[in-house]
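What the coordinates show
Below are the chains, spelled out letter by letter.
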Amino acid sequence: MHGEQEPARDPFFIQQYQALLEVAEAIVSHKDLPSLFHALSQKLHHITPYDFIGVLLHDAERNVMRLHSLETPTPILSPPPPDSSVETSPSGYVWRTQQPLFIDVESETRFPEIIALLRLQGMKALYVTPLTSVNRRLGAMGFGSKELSAYSQTHLSFLQQVARQVAVAVDNTLNFENAQIAGQQTKRQSERLRLMLKITNAMVSQLDLKELLRVISPSIREVIGNDTVGVLLYDQEINQLRAFMSNFPPQHPLAEQGFPIPFEGSPSGLAFTSGQPVYVDKPDAEKFYSDLSKRVFDEGTQSGICIPLTAKGQQLGVLGVTSKHEQAFSDEDKEFLLQVANQVSIAVDNALNFERARVAEQQAKRQSERLQLLLDLNNAIASALDLPALFRAVSACLRQVFQHDVAVMGLYNEALGELRAYALDDTANVKFLEEGMLVPLDGTPAGRAVLTKQAVILGQGDGETYDSEIVRRFIEQGFKSGCSVPLMRHDRVIGAMSIASKIEAAFSADDGDLLMQLARQIAIAVENALAYHEIDSLKNKLASEKLYLEEEIQTVFNFEEIIGQSAALKRILKQIETVAPTDSTILIQGETGTGKELIARAIHNLSNRSERTMVKLNCAAIPTGLLESELFGHEKGAFTGAIAQRIGRFELAHRGTLFLDEVGDIPLELQPKLLRVLQEQEFERLGSARTIRVDTRLIAATNCDLAQMVEEKKYRGDLFYRLNVFPIHIPPLRERPEDIKLLARFFTQKFARRMKKNIETIPGEAIAALTAYHWPGNVRELEHFIERAVILTPGAALTVSLAELKPAPQPSPATIATLETAEREHILRALEETRWVIGGPQGAAARLGMKRTTLQSRMQKLGIFRQS
């Protein structure tokens, strides 16, 4: 054919060739199918007449032909279905047979559904060619026209070539999309595996469940695309779900740890009770009707998943994931969250086990500390019999467990209904309480502990419920918490112990229980210390009483009974009989030697206190500086030389009688304290702030004119009136001479027995001389005179030195009389001139220029009495 002329080319062939090139160019420049099909429709419309071009690809999973593209020059009346059957559609037929198919729409009887749609659109011809690449059958490509003769054989051949090129493009695009999907799936799988690895690593390295959830929550949102993640845990004690942790806003209830979650009407409750995951694709207020569920839906949550957390057959709680979009979770997401829930279940179980182990360890440690505290406390109180030392040891032991700034122990007097602070252990410079201060039972935690016999915890704001001054000052000084417990023995409150701190909520209910337990041991020690103190006090008191009794036997107790039969003595005995059964204070007045102490002892022996000791003290025989210590006692170190504690006479005479002789010699500065004891029956030892209550009867004696001393401001009037409740005046021996003979015989027999002599009689002249003598020393002088006579008596008759009994010689005019003698004579003269009328304007007192009471006092002192 060399040299032959090349035949002329067909113009349609050139257009087809050009169109194929454009198709190839479109395939190269378009990566996605929709844009590719659209570009092809624009290219082919100029070459091949059509009224629509459609591309259908086979969906292997569903075995249907899926419409991927439909291009029409003008809008169609009714779009075809997206899917069509492989068996009953033209595209399915071509895909199965891999043969092109030309259909005359008017005469075609196969494929009734598709044919009906084509006729509805006015189509007359349909040409369908397979889309098949080298590797696989992809689908079919269809061309429709409203003209039956639109497609010649040349057009059909061209369309097959186009279909083959499109098949390659579709295959490449599907491969690219599959690769993208596979990449995305791989990436998604990698992210999920990384999340699972992160959860596993967090489970291994982190036993704190809250921290674990904070670590994995952002990763779950990154992988799943959710909005919130939360964990609810089951509280077995109350049989309820409680919020544990979530990333809800802080003001949301589910963000509050411990918030209760209802079982009924909530997705989480349904998941927990059923043991199955609960999927919510959109809000369902009828199924999930609880207030919490409604609130969650109202705040924008549209879908969610609740998965029960189960480990080792035990339900632990629920994992919840929510989104603000409906149907936000795919099946793949749900499957993945089930895997996450399994891991979280293990983490929750591990964390709960760790927490239980930690709590058990803390409880064991705390129990060990409590046992050690009990041991230390027992060791500390075993040897502490002194109450202050005991309290210091107790407070030191309590500091091992309790962080308190101050500890106070008070003793409770049930009979008086009062609580008194006894000991104070202070590290905070406490000023709201002092040792010895009364603590009100109403309005104080310690008082409430005593009344309720329970531990009382004082927390933040609780101080406002107490209205006592002590609590007010307690708050003002910065104390914010406290704990008070009663000290009880045999269901009887003997005191209270309180600890306080400047830290808020320093003491829990558990601390109160522990302190109650310790208080039982402390109460035993306090009771023992009080018993030891009482025994020691009684021992000292008995020793002192023994000393007093020995001194009395050796010195004073000279009368076995009161001797005499005078009218004056009988009057005194009648007064003794009247006043002895009472507890009234008695003031005995009389000259020295008249037997004031003997009268006091007679009163004591006839009183209800006769079984107790009568303690005596001669106020004139004790130096002024030591008299207060003798009366009230002192503590060790109260003053220089106070090397030991001393019990005073008032305390020694508790429930007995105290006889104070020569009360006129008590200093003025000491008289108010004596008056307080007489009125209140309470006092404080020197060097101590603790008030001691006593039950002591006082009998006072004096040879002074206390009334005159009151007028001269030398004695307190209020003390005199308190002493002078029941005065008894003892007349001197010279005013009852009829008793001298009986007393002389009594003393003679007494000393004769002691000296082992046999004295049977007293001569008559001796009796007469004894009776005539004025006895300025009264009974004491008579006693000593008879003792001397017994010593000098050799035989059976008492030898009396009559020379010693001669009356004192009257002073001669030239002799200067003593001042007392002159005063006595002057008063006697005035009395005789007024016929012994003392008061009134014409009485002796007026003549002498003195008060009636002063004259009577002077007469008593000088022994001036009117003879009957």
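The rules behind the values
Residue positions within a chain follow its written sequence, with the count starting from 1. With the structure being a predicted model, the display of local features is reserved for residues of pLDDT at least 70 and the display and counting of side-chain atom pairs for 80 or more, all residues being used for whole-chain, interface and lining totals. To get the side-chain values, take all heavy atoms of the structure and skip hydrogens and water. Numbering of helices and strands runs from the N terminus, with a helix taken as a DSSP run of H or I at least four residues long and a strand as a DSSP run of E at least two residues long. For each residue, the accessible area found with a 1.4 Å probe, counting protein chains only, is set against the maximum for its type, and the residue is called buried under 20%, exposed over 50%, and partly exposed in between. Throughout, the Shrake-Rupley method with a 1.4 Å probe supplies accessible areas, and for residues the shown protein chains are the sole cover considered. For every residue, the predictor states its confidence as a pLDDT score lying anywhere from 0 to 100. Note on definitions: a residue-residue contact is assigned when non-hydrogen atoms from the two residues lie within 4.5 Å. Salt bridges, as used here, are contacts in which a Lys or Arg side-chain nitrogen is within 4 Å of a carboxyl oxygen on Asp or Glu. For Phe, Tyr and Trp, rings pair up if their centres lie within 6.5 Å, where Trp contributes its six-membered ring, and each pair is then called stacked (planes under 30 degrees apart), edge-to-face (over 60) or tilted (otherwise). A ring is considered to have a charge above it if a Lys NZ or an Arg CZ atom is located within 6 Å of its centre and within 35 degrees of its normal. Strands were regarded as paired on the criterion that DSSP finds at least two bridges between them. Axes, fitted as lines to C-alpha atoms, cover a helix only where it is in contact. Angles between the N-to-C directions of the axes lie from 0 to 180 degrees. A helix is expected to span 1.5 Å multiplied by its residue count minus one. This arc is taken over the directions from the axis of the helix to the C-beta atoms. As used in this structure description, the phrase polar contact means that two N or O atoms lie within 3.5 Å; if the pair is within protein, one of them must be able to donate a hydrogen and the other to accept it, and residues adjacent in sequence are counted only when both atoms belong to side chains. In this text, buried Ala, Val, Leu, Ile, Met, Phe, Trp, Tyr and Cys residues form a nonpolar core when linked through side-chain atoms within 4.5 Å. Convention used here: angles under 35 degrees read as roughly parallel, angles over 145 as roughly antiparallel, angles from 65 to 115 as roughly perpendicular, and any remaining angle as oblique. Take the far helix as your reference; a near helix turned counterclockwise from it by less than a right angle gives a left-handed crossing, and one turned clockwise gives a right-handed crossing. Side-chain classes follow a simple rule in which Ala, Val, Leu, Ile, Met, Phe, Trp, Tyr, Cys and Pro form the nonpolar group, Asp, Glu, Lys and Arg form the charged group, and the remainder, Gly included, forms the polar group.

1. Considerations on the overall build of the protein
Counting secondary structure elements, the protein contains 26 helices and 27 strands. Looking at the protein as a whole, 46% of its 868 residues are labelled buried. As displayed, the protein offers around 45,300 Å² of accessible surface, 52% of which is attributable to carbon and sulfur atoms.

2. Description of the confidence of the model for the protein
Looking at the protein, the pLDDT average stands at 81 and 85% of residues meet or exceed 70. Confidence over residues 1-8 falls short of pLDDT 50; this stretch has 0 contacts with residues more than four positions distant or in other chains. Predicted confidence for residues 550-560 stays below pLDDT 50, and this span has 17 contacts to residues more than four positions away or in other chains.

3. Some words on the pattern of salt bridges
Inspection of every chain in the model, using the stated rule, returns 34 salt bridges. The salt bridge involving R676 is made with E682; its shortest N-O contact spans 3.1 Å. On the accessibility criterion, E682 (16% relative accessible area) is buried. In this structure, a network of salt bridges that share partners links the residues D59, R62, R66 and D83.

4. Comments concerning the packing of aromatic side chains
Taken as a whole, this structure holds 12 aromatic pairs when the rule is applied. Between the aromatic rings of Y773 and W775, the centroid separation amounts to 4.7 Å while the plane-to-plane angle is 85 degrees, which identifies the pairing as edge-to-face. In this structure an aromatic cluster arises from ring pairing among Y234, F263 and F272. The cationic tip of K334 hangs over the ring face of Y279; the distance from NZ or CZ to the ring centre is 4.6 Å. Here K502 stacks its cationic end above the ring of F479, 5.4 Å away from the centre of that ring.

5. Points about the sheet that holds strand β19 (residues 586-590)
Pairing is parallel in the open sheet, where 5 strands are placed in the order β20-β23-β26-β19-β27. Of all the strands in the sheet, the pair left with one neighbour each is β20 (614-618) and β27 (726-730). The mean angle between the axes of side-by-side strands here comes to 20 degrees, regardless of whether they run parallel or antiparallel. Pairing between β19 and strand β26 (residues 697-702): 4 bridges, direction parallel. Within β26, the residue paired with L587 across the bridge is A700. Sheet strands in contact with helix α15 (residues 596-606) are β19, β20, β23 (657-661), β26 and β27, and its direction is about 155 degrees off that of β19.

6. So, the pairing of strand β1 (residues 52-59)
Along β1, 7 of the 8 residues are buried, which leaves the element largely enclosed by surrounding structure. Adjacent in sequence and paired antiparallel, β1 and strand β2 (residues 64-71) are bridged by 4 residues, among which N63 carries a positive phi angle near 55 degrees.

7. What to know about helix α14 (residues 567-579)
Compared with an ideal rise of 1.5 Å per residue, which puts 13 residues at 18 Å, α14 spans 19 Å between its outermost C-alpha atoms and is within 8% of the ideal. Along α14, the positions that sit buried rather than exposed are A568, L569, I572, I576 and V579. The buried residues of α14 occupy one face: seen down the axis, they fall within an arc of 95 degrees. Facing away from the buried side of α14 by more than 90 degrees, the exposed set consists of A567, K570, K574 and E577. Residues of α14 that are buried in the fold lie against β19, α15, β26 and β27.

8. What about α15?
Along α15, 9 of the 11 residues are buried, which leaves the element largely enclosed by surrounding structure. When α15 is considered as a whole, its buried residues turn out to be K596, E597, L598, I599, A600, R601, A602, I603 and H604.

9. Observations concerning the pairing of β23
Of all 5 residues that make up β23, 5 are buried, and the element is covered over most of its length. Here β23 shows a buried face lined by T657, F659 and D661 and a second buried face lined by L658 and L660. Where β23 and β26 come together, 5 bridges link them in parallel fashion. Opposite F659, over in β26, you have I699 as the bridge partner.

10. Description of the sheet that holds strand β4 (residues 101-104)
The strand order across the open sheet built from 6 strands is β3-β2-β1-β6-β5-β4, with neighbouring strands paired in antiparallel fashion. With partners counted over all chains shown, the strands left at the sheet margins are β3 (83-85) and β4, one partner each. Ignoring which end each strand starts from, the neighbouring axes of this sheet average 25 degrees apart. Where strand β5 (residues 125-132) and strand β6 (residues 137-145) come together, 8 bridges link them in antiparallel fashion.

11. Observations regarding the side chain of T696
With respect to the helices, strands and loops of the structure, T696 is situated in the loop between β25 (691-693) and β26. In this structure the side chain of T696 is engaged in a polar contact, spanning 3.2 Å, whose partner is the backbone oxygen of F650.

12. A short note on the nonpolar core
One finds L631, F650, L660, V663, Y715 and L723 to be the most contacted residues of the largest nonpolar core, which totals 31 residues. Elements represented by at least two residues in this core include exactly β20, α16 (624-632), α17 (649-652), β23, α18 (671-680), β26, α19 (706-711) and α20 (717-723). Per element, the largest residue contribution to this core is 4 residues, and it comes from α18. Apart from the residues within four sequence positions on either side, Y715 is in contact with V663, G664, L668, Q671, L706, M709, V710, F720 and L723. Counting residues in each nonpolar core, the second largest holds 29 residues, with L398, F402, Y422 and A525 among its members.

13. Concerning the environment of Q160
Within the fold, Q160 resides in helix α5 (residues 153-205). Distance in space between the C-alpha atoms of Q160 and V128 is 9.2 Å, their sequence separation being 32 residues. With residues up to four places along the chain from it excluded, the contact list for Q160 reads P100, Y127 and T129. At 2.8 Å, the side chain of Q160 forms a polar contact with the side chain of Y127.

14. Focus on the environment of D511
You can see D511 is positioned in helix α13 (residues 509-556). D511 gets classed as buried once you look at its relative accessible area, which sits at 11%. Spatially, the C-alpha atom of D511 lies 9.4 Å from that of A455, the residues being 56 residues apart in sequence.

15. Structural notes on the side chain of S607
Looking at the secondary structure, you find S607 in the loop between α15 and β20. A polar atom in the side chain of S607 sits 2.7 Å from the backbone oxygen of H604. Not counting residues up to four positions away in its chain, the partners in contact with S607 are A580 and R697.

16. Focus: the packing of helix α21 (residues 740-755) against helix α23 (residues 778-792)
Two numbers describe how α21 lies on α23: the axes approach to 9 Å, and their chain directions differ by 45 degrees. In this view, α21 runs oblique relative to α23, as classed from their interaxial angle. Two packed elements cross with a definite hand, and for α21 against α23 that hand is right-handed. Along its contact with α21, which presents I740, L743, A744, F747, T748, K750, F751, A752 and M755, the element α23 presents V779, L782, E783, I786, E787, V790 and I791. In terms of residue class, the contact of α21 with α23 is made up of 12 nonpolar, 1 polar and 3 charged.

17. Concerning unusual backbone geometry
With a phi close to 60 degrees, K713 is a non-glycine residue in the positive phi region. Residues other than glycine seldom take positive phi values, yet N778 does so here, at roughly 60 degrees. Position of N778 relative to the elements: it lies in helix α23. A relative accessible area of 0% places N778 in the buried class.

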